[in-house]
Amino acid sequence: MRFPPPRRERSRRSRHLTRAALASLLGLACALLLWQPTASAAYPPPGLVTGDIGIHDPSMVRTDQGYVVYGSNDLLEARISPDRTAFTDAGSAFTAPLDWWGEISPDRNPWAPDVSFHNGRYLLYYAVSNFGQNTSAIGLATSDTGLPGSWTDQGMVHRTTAANDYNAIDPSLLVDDDGRWWLAFGSWWTGIKVVEIDPATGKQFPGDTTLHSVASAGGGIEGPALVKRDGFYYLFNSYGTCCAGTDSTYRIRVGRASSPTGPFLDANGVDLRDGGGTFVLESHGRWIGPGGQSVLNDVDGDLLVYHYYDGEDNGAPKLGVNLLDWSGGWPVAY
């Protein structure tokens with residue numbers, strides 16, 4: 001996210017076809033065999049959202065007060081909605097920069113939030129970094145309401161320096177059925193990592209500090225979202241580059257595994273550590289560079305929440321939301 005360089009009914013008429021009709025059908029069959037769907041045909045447009053929808057790296061949670069979306073920059077800017085359609089600007093998660101952020105980034109500007117609700121409280125993981133550098137850290141804040149301005153910071157969860165070959169940004173928390181917690185994160189360098197988290201503190205588990213490498217693309221990979229569905233663990237990643245308006249090349253790909261630490265394979269059996277990844281969403285029509293994604297399980301199904309750049313609005317970044325269909329074993333946006 002921070003590296004420069006979505007019956008036919010049989011006719012009851014005649015059972016016999018004329019030679020001309022047979023030729024016509026043969027031509028149609030050949031055309032269908034040769035036809036390949038375009039990107040615009042393959043992917044749906046974002047679902048309807050209105051109002052203040054300009055945002056990067058959105059993460060959404062449902063609270064007693066409605067839906068809240070947090071995004072990168074401006075102390076983690078916030079949008080709220082009573083119905084998941086009409087959004088208004090709600091300020092930011094934090095009311096002022098924190099002192100410890102300055103140890104990592106002079107501008108103390110947090111990125112890439114991940115918001116969720118577990119064990120009776122809201123959790124907000126986020127990143128502090130410098131664009132294009134891996135001197136970075138992931139922090140944690142908690143809240144009783146999940147609303148902007150209500151967050152209490154709990155400090156640093158994991159950090160990297162220029163001496164590391166990976167980057168501690170773009171966190172995504174998974175709480176497993178067995179009660180174990182896992183955090184996926186990473187951007188560029190050697191790719192996406194997973195570490196175990198202590199449920200008591202929300203920070204790295206002291207009993208197991210193993211760093212699991214789960215996905216790599218030789219550069220442009222970041223923004224993981226780790227979820228579990230129907231017995232499989234799915235890892236969504238953003239591939240390519242963001243933050244360049246209509247020149248952005250983000251696209252969302254996914255792999256799945258039988259363990260939260262991998263190995264994650266795509267639908268063709270290619271390991272995500274070897275560049276694999278089944279496409280979920282990529283540029284199509286006016287919707288350029290979709291990515292920075294998160295997944296929210298809502299009352300009507302799973303939501304893929306992401307940003308894109310609007311090719312019909314000077315490349316403005318906007319909120320995208322689509323439902324996911326898992327019926328085939330792989331997430332399909334609709």
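Provided above is the structure to which this section pertains.
Residues numbered from 1 in each chain as written. Predicted model: local features only at pLDDT ≥ 70, side-chain atom pairs only at ≥ 80, totals over all residues. Heavy atoms only, no water.

Peer 1: Requested: an account of the overall build of the protein, with residues and values cited.
Peer 2: What the protein contains, in helices and strands, is two helices and 21 strands. A burial count over the protein gives 52% of its 334 residues as buried. With the model as given, the accessible surface of the protein reaches about 15,300 Å², and the carbon-plus-sulfur share is 50%. (Helix = DSSP H or I, 4+ residues; strand = E, 2+ residues; numbered from the N terminus. Buried < 20%, exposed > 50% of the residue type's maximum accessible area, 1.4 Å probe, protein only. Areas by Shrake-Rupley, 256 points an atom, 1.4 Å probe, with all protein chains shown as cover.)

Peer 1: Describe in detail the nonpolar core, supporting the description with residues and values.
Peer 2: Core analysis: the largest hydrophobic core is formed by 19 residues, its most contacted members being Tyr 70, Ala 93, Phe 94, Trp 101, Leu 124, Tyr 126 and Trp 151. Mapped by element, the contributors of at least two residues to this core are β3 (66-70), β7 (121-128) and β8 (136-143). Contact partners of Leu 124, with chain neighbours within four places excluded, come to Tyr 70, Leu 76, Ala 93, Phe 94, Pro 113, Asp 114, Val 115, Gly 139, Leu 140, Ala 141 and Trp 151. Residues Ala 225, Val 254, Leu 304 and Leu 324 belong to the second largest nonpolar core, which totals 17 residues. (Core = buried A, V, L, I, M, F, W, Y, C linked by side-chain atoms within 4.5 Å. Contact = heavy atoms within 4.5 Å.)

Peer 1: Describe the pairing of strand β4 (residues 77-81), with residues and values.
Peer 2: Across the five residues that make up β4, a large majority, four, are buried. Here β3 runs beside β4; their pairing, made up of four bridges, is antiparallel. Within the sheet, the bridge partner assigned to Tyr 67 lies in β4 and is Ser 81. Linking β3 back to β4 in an antiparallel pair, the connection comprises six residues, with Asn 73 at a positive phi of about 75°. In textbook terms, the turn of a hairpin is the stretch between consecutive antiparallel strands, and for β4 and strand β5 (residues 86-92) this stretch comprises four residues, one of which, Arg 84, has a positive phi near 70°. (Pairing = 2+ DSSP bridges.)

None of this, on its own, says anything about what the molecule does.
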